[in-house]
Amino acid sequence: PAAVERLTAPVPARADDIELTGVGGAERRWAMSVVPLEEGAAFARLVDRSEVHAAERMRTDFVANASHELRTPLATILGYAETLREEKAAIDPATRERFVAVVHDESRRMQRLVEDLISLSRIEGERFNAPREAVSLPPLLEEARAIGRRFAAERGCEIRIESEPGLPPVAGDHDQLLQLIDNLVTNALRYGGRDAPVTLSARRDGDMVRLTVADRGEGIAPEHIPRLTERFYRIDPGRSRALGGTGLGLSIVKHIVERHGGRLSVESEIGRGTRVHVALPVAPEPS
């Protein structure tokens, strides 16, 4: 209505932009300005502001989600700490030990979340700086298996590696690629089935090397798959927090893949498990 009113009314010499919503789609946002011309004509200009609006909404959602994720363990820590301080004479040693364990676990959860936030910020800051190091994937797979061995033992799982012989190196950043594999392995162990193996495989696929991390868990419903890489998106928030997830693992993976000029895809079947595929460019031959 404001746009129609501006277009049909006499055009003022100067006027502020009009914000339009829903033109061309429910989520589209426009800024419209009208400038008078000769003989009663007017020039109308519309600037698409949809991406700016979406980015601002994402920033607002991110701040709100991060604040919530930090506030939840902080409230638990404060509650138990106050109880330990105010009721110390009435608390038996076993209860005190249990309270201290809760404070420790929630503190570690906050630490993991802060570390993931810092890591995500650093990766985003480097996204225009393409890595050039030639990195061999098989040693990284072994390193990731060693890192995940303790968690795998707790879950009763085995981490298997299937690497194609003669695999060429990829162009990448060693530390970020290790972080990528570690995040995928941790997710597979966390949400895969107990006593079921997690498989890491790597093979040549044209001018790319395809890395796949597969589990035999419950699987993911199709409607969730497009949103898995969103920050703080969880299929089951309660279960994810109980298992120590921060909700940032796959978002970090996505940003690392983008920085490396690769491709990320997820396949899943309910009751049969999930496969995450990462395709990375082969490193160029040295001149």
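See above for the structure.
This is a predicted model, so every value here is computed, not measured.

## Examining the sheet that holds strand E2 (residues 29-36)
Thinking step 1. Ordered by their spatial adjacency, three strands build an open sheet running E1-E2-E3, and the pairing between neighbours is antiparallel. Each edge of the sheet is formed by a strand with only one pairing partner; in this case those strands are strand E1 (18-21) and strand E3 (42-48). Going across the sheet, the axis of each strand differs from the next one's by a mean of 30°, ignoring polarity.
Thinking step 2. Note that E2 and E3 share seven bridges and pair antiparallel. Looking across to E3, one finds that Met32 is bridged to Leu46.

## As for the sheet that holds strand E9 (residues 263-269)
Thinking step 1. Judged by pairing direction, the sheet is mixed, and its five strands sit side by side in the order E5-E7-E8-E10-E9 without closing on themselves. Only two strands of the sheet have a single neighbouring strand rather than two, namely strand E5 (159-163) and E9. For this sheet the average axis-to-axis angle between neighbouring strands, irrespective of direction, equals 15°.
Thinking step 2. Along the sheet face, helix H5 (residues 174-191) touches E5, strand E7 (198-205), strand E8 (208-214) and strand E10 (273-281) and points at about 30° away from the line of E8.

## Concerning the packing of helix H3 (residues 93-125) against helix H7 (residues 249-259)
Thinking step 1. At a closest axis distance of 10 Å, the pairing of H3 and H7 adopts a crossing angle of 20°. Considering their axes alone, H3 and H7 lie roughly parallel with respect to each other. Note on packing geometry: the crossing formed by H3 with H7 is left-handed. Residues Asp116, Ser119, Leu120, Ile123 and Glu124 of H3 pack against Ser251, Ile252, His255 and Ile256 of H7.
Thinking step 2. Among the residues forming the contact of H3 with H7, the class breakdown is four nonpolar, three polar and two charged.

## Some thoughts on H7
One turn of an α-helix holds 3.6 residues; hence residues three or four places apart share an orientation.
Thinking step 1. Of all 11 residues that make up H7, nine are buried, and the element is covered over most of its length.
Thinking step 2. The complete set of buried residues in H7 reads Gly249, Leu250, Ser251, Ile252, Val253, His255, Ile256, Val257 and Arg259.
Thinking step 3. Of the residues one or two after H7, Gly261 is the one with positive phi, at around 70°.

## A word on the packing of aromatic side chains
Thinking step 1. Tallied over the full model, the rule gives one aromatic pair.
Thinking step 2. Their ring planes at 90° and their centres at 4.8 Å tell us that Tyr80 and Phe99 sit as a pair that is edge-to-face. On the criterion of sequence distance, the pair formed by Tyr80 in helix H2 (residues 50-86) and Phe99 in helix H3 is long-range, its members being 19 residues apart.
Thinking step 3. With a relative accessible area of 13%, Phe99 lands in the buried category.

## Details of the nonpolar core
Thinking step 1. Core analysis: the biggest nonpolar cluster contains 41 residues, and Leu180, Ile181, Leu184 and Leu200 have the highest contact counts within it.
Thinking step 2. Looking at this core, the elements that each hand over two or more residues are H3, helix H4 (137-155), H5, E7, E8, H7 and E10.
Thinking step 3. Top element by residues in this core is H5. It accounts for eight residues.
Thinking step 4. Dropping the residues within four chain positions of it, Leu180 is found in contact with Leu211, Val253, Ile256, Val257 and Val278.

## Here we look at the environment of Ile123
Thinking step 1. Of note, Ile123 is situated in helix H3.
Thinking step 2. Sequence separation of Ile123 and Thr212 is 89 residues, and the distance between their C-alpha atoms is 22 Å.
Thinking step 3. Beyond its immediate chain neighbours, meaning those up to four positions away, Ile123 contacts Gln176, Gln179, Ile252, His255 and Ile256.

So, how was this worked out
Residues numbered from 1 in each chain as written. Predicted model: local features only at pLDDT ≥ 70, side-chain atom pairs only at ≥ 80, totals over all residues. Heavy atoms only, no water. Pairing = 2+ DSSP bridges. Helix = DSSP H or I, 4+ residues; strand = E, 2+ residues; numbered from the N terminus. Axes fitted to C-alpha atoms, helices over the stretch in contact; angles between N-to-C directions. Contact = heavy atoms within 4.5 Å. Parallel < 35°, antiparallel > 145°, perpendicular 65-115°, else oblique. Left-handed = near helix turned anticlockwise from the far one by under 90°. Nonpolar A, V, L, I, M, F, W, Y, C, P; charged D, E, K, R; others polar. Buried < 20%, exposed > 50% of the residue type's maximum accessible area, 1.4 Å probe, protein only. Phe/Tyr/Trp six-rings, centres within 6.5 Å; stacked < 30°, edge-to-face > 60°. Core = buried A, V, L, I, M, F, W, Y, C linked by side-chain atoms within 4.5 Å.

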